[in-house]
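Observations on the three-dimensional arrangement
These are the residues of each chain, in order.
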Amino acid sequence: MSDNVHGLLGAYAVDAVTPAERAEFEAHLPACEECSLELGSLLETTAVLADAESTAPPAALRARVFEEIGRTAQLPPADGPAADAAPAPEPVAAAVVPIERARRRHLWPRLAVAAASVAVLAVAGVIGGGLVADRNAQLALEQDVMMVASAPDAHSMDLGLGSAHLVVSEKMASVVAMGDDCPSPDDGMEYQLWVVMADGSKHAGPTFMPDSDGSFVTMLDMEMNGVVAFAVTEEPHGGSAQPTSEEIAVVEL
Amino acid sequence: MSTDGRARPLRAVPADGDAARRPGARPSPHRDADELADLLVRAGRGDTAAFELLYNRLAGSVHGLAVRIVRDPQIAEDVAQEALVEVWRQAARFRPEQGSARSWVLTIAHRRAVDRVRTEQAHSNRLVAHGARHSASVEDQDTVVDTMHAEWQAARVRQGLEVLTPLQREALELTYYKGYTNRQLAESLGIPLGTAKARIRDAVIRLRDAWEVTA
């Protein structure tokens, strides 16, 4: 599920993950400063929830614990640099990222904090292409897309990239963009979806790349309140925090 | 070990909710965090005295969290013991620059509790003690353990949960407090997996912003 690994951040913070997902997210963490930073604040938050439960433990617990630690060897310190917890880069620097990571990079962690009115989680992927190596991730995305597309209030609108269209469901709080004859973006660029609010502000959605056949699917989970349109631009790999090029498609709600 | 604790009087408990509004009741977060980090680092070098001071400060939360999640008092005590021993075992791996000692310890505790709930579910012999929060009979309670922090935090949590939408509260309840995985949450609510993940995340972020928590 490597393309969706960012999406595990919240679930990881509350331990709502399977052992496999936990391992996957922890493997991802050192390479992603956004997730590392965000995770820190989320864990401080869940610590508040834990503290609120505080009760005086039975006195016997102390004896048991100290008896046990008396015969428990301690692990030595972990090797390796702690450089993973590097300070936050400025959001504007986000457009320049190494190519290897760019693919998987979405800008939502900071975005959702900045924009109280649109809580956006991008779950981007490309079905049928080589980008999603993991079959399970494909299946999960396909399943999610199907559920949105089959929602009673789902409606479909032309997106303007070949015959690509957007499917919007308020009930599912989801937007799906998909197409099967989408032209390729310029070299070094990929498409990015934007959420346009009534006040004209634009919020970064997922990036997506059609495969060699022109197929793509991407999905966005969000509340629709105040959203007036969706737009697509071409952005450098990894996407941008704000559009850096002309909109090539706009769908007004 | 510290049987002398029993000689200490129980602390007066402020009236419900007042603690959050009285400025003097608010613990100094920075001093608290620095002290705990120092204790945990020392514990990591094998300092059992430091570990005991750490125990006094955090065992109440570790235990209370275990009780809230696994419900059964006996299992909760086992979970708390395992978690606290795990803290001792891994203490040298704690990196103060990556987060607070409090969240590091409580993350271990939460994970243990949730793992236990999932195992218990697998055994399908989970004991249910709905509602009532466990409390040991007064004479068995470890009064050395500091639970003062809890009163302020509990009021803060009550207020914080009010800013969540009902759906976000539900997501948090089922995951953080009941041990559902994101997939189980999606399945039990009949929502797309992406929506479930987003809802969990939005809930925690909203709490964080309401409480102005920083890493």
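Reading guide: rules and limits
Residues numbered from 1 in each chain as written. Chains lettered and ligands numbered in written order. Predicted model: local features only at pLDDT ≥ 70, side-chain atom pairs only at ≥ 80, totals over all residues. Heavy atoms only, no water. Pairing = 2+ DSSP bridges. Helix = DSSP H or I, 4+ residues; strand = E, 2+ residues; numbered from the N terminus. Axes fitted to C-alpha atoms, helices over the stretch in contact; angles between N-to-C directions. Contact = heavy atoms within 4.5 Å. Buried area = accessible area lost by both parts, 1.4 Å probe. Salt bridge = Lys/Arg side-chain N within 4 Å of Asp/Glu carboxyl O. Polar contact = N/O pair within 3.5 Å; in protein donor to acceptor, adjacent residues only side chain to side chain. Nonpolar A, V, L, I, M, F, W, Y, C, P; charged D, E, K, R; others polar. Core = buried A, V, L, I, M, F, W, Y, C linked by side-chain atoms within 4.5 Å. Buried < 20%, exposed > 50% of the residue type's maximum accessible area, 1.4 Å probe, protein only. Expected span 1.5 Å × (residues − 1). pLDDT = per-residue confidence, 0-100. Phe/Tyr/Trp six-rings, centres within 6.5 Å; stacked < 30°, edge-to-face > 60°.

**So, the sheet that holds strand 5 (residues 189-197) of chain A**
All names here are of chain A. Ordered by their spatial adjacency, four strands build an open sheet running 6-5-8-9, and the pairing between neighbours is antiparallel. Every interior strand has two partners, whereas the edge strands, strand 6 (202-208) and strand 9 (249-252), have only one. The average angle at which neighbouring strand axes cross in this sheet is 20°, direction not considered. As paired elements, strand 5 and strand 6 share five bridges and run antiparallel to each other. Bridge pairing links Q192 to T207 in strand 6.

**Considering the interface of chain A and chain B**
Chain A puts 71 residues into the contact, and the matching count from chain B is 90 residues. Both faces considered, chain A and chain B share a buried interface measuring about 7100 Å² in area, 59% of it formed by carbon and sulfur atoms. On the surface where chain A and chain B come into contact, there are eleven salt bridges. A:R62 is the partner of B:D142 in a salt bridge, and the nearest nitrogen-oxygen pair spans 2.8 Å. Taken together, the connections running from chain A to chain B amount to 33 residue pairs in polar contact (both at pLDDT 80 or more). Of all the secondary-structure elements, those providing two or more residues to the side of chain A that touches chain B are helix 1 (9-13), helix 2 (19-28), helix 3 (33-51), helix 4 (59-69), helix 6 (108-114), strand 1 (120-125), helix 7 (135-149) and strand 7 (216-222) of chain A. Counting residues per element, the side of chain A that touches chain B draws most heavily on helix 3 of chain A, which supplies 14 residues. Broken down by class, the residue content of the side of chain A that touches chain B amounts to 46 nonpolar, twelve polar and 13 charged.

**Comments concerning the nonpolar core**
Judged by nonpolar contacts, the single largest core of 82 residues is most densely connected at A:F25, A:V65, B:L40 and B:F51. Ignoring anything within four residues of it in the chain, the contact list for B:F51 reads A:V65, A:F66, A:I69, B:A43, B:L84, B:V87 and B:W88. Of all hydrophobic cores here, the second largest spans 23 residues; its members include A:L193, A:F208, A:F216 and A:A249.

**Remarks on helix 4 (residues 73-90) of chain B**
With 18 residues, helix 4 of chain B should cover 26 Å at 1.5 Å per step; its first-to-last C-alpha distance of 25 Å lies within 8% of that length. All of the buried residues in helix 4 of chain B are B:I75, B:A76, B:E77, B:V79, B:A80, B:Q81, B:A83, B:L84, B:V85, B:E86, B:V87 and B:W88.

**Here's the deal with the confidence of the model for chain B**
Atom-level detail of predicted coordinates should not be read off regions where pLDDT is low. Residue and element names in this part refer to chain B. The predicted model of chain B averages 81 in pLDDT, with 77% of residues at 70 or higher. Ignoring residues within four places in sequence, the model shows residues 1-26, a span with pLDDT below 50, making 33 contacts including any to other chains. Scored below 50 in pLDDT, residues 124-136 shows 23 contacts in the model against residues more than four places distant or in partner chains. Across the interface, the model reports ipTM at 0.80; the global pTM reads 0.57.

**What to know about the packing of aromatic side chains**
Each aromatic ring pair is summarised here by two numbers: the centre-to-centre distance and the angle between the ring planes. The full count for this structure, using the stated rule, is eight aromatic pairs over all chains. When the centroid spacing of 5.7 Å and the interplanar angle of 65° are considered together, the rings of A:F66 and B:Y55 count as edge-to-face. Of the two residues, A:F66 is situated in helix 4 and B:Y55 in helix 3 (residues 48-70); the pairing between them involves two chains. B:Y55 shares its class with A:F66; the two are buried. Seen from their ring centres, A:F208 and A:F216 are 4.5 Å apart, and the 15° between their planes marks the pair as stacked. A:F216 carries the same exposure label as A:F208, and that label is buried. Members of the aromatic cluster, each reached through a chain of ring pairs, are A:F66, B:F51, B:Y55 and B:W88.

**Concerning the pairing of strand 8 (residues 227-236) of chain A**
All names here are of chain A. With eight of ten residues buried, strand 8 lies mostly within the body of the structure. In the sheet, strand 5 pairs with strand 8 via nine bridges, with the strands oriented antiparallel. Counterpart to V195 in the pairing with strand 8 is F230. Pairing of strand 8 with strand 9, which is carried by four bridges, proceeds in the antiparallel orientation. Following the sheet pairing, F230 is matched in strand 9 by V251.

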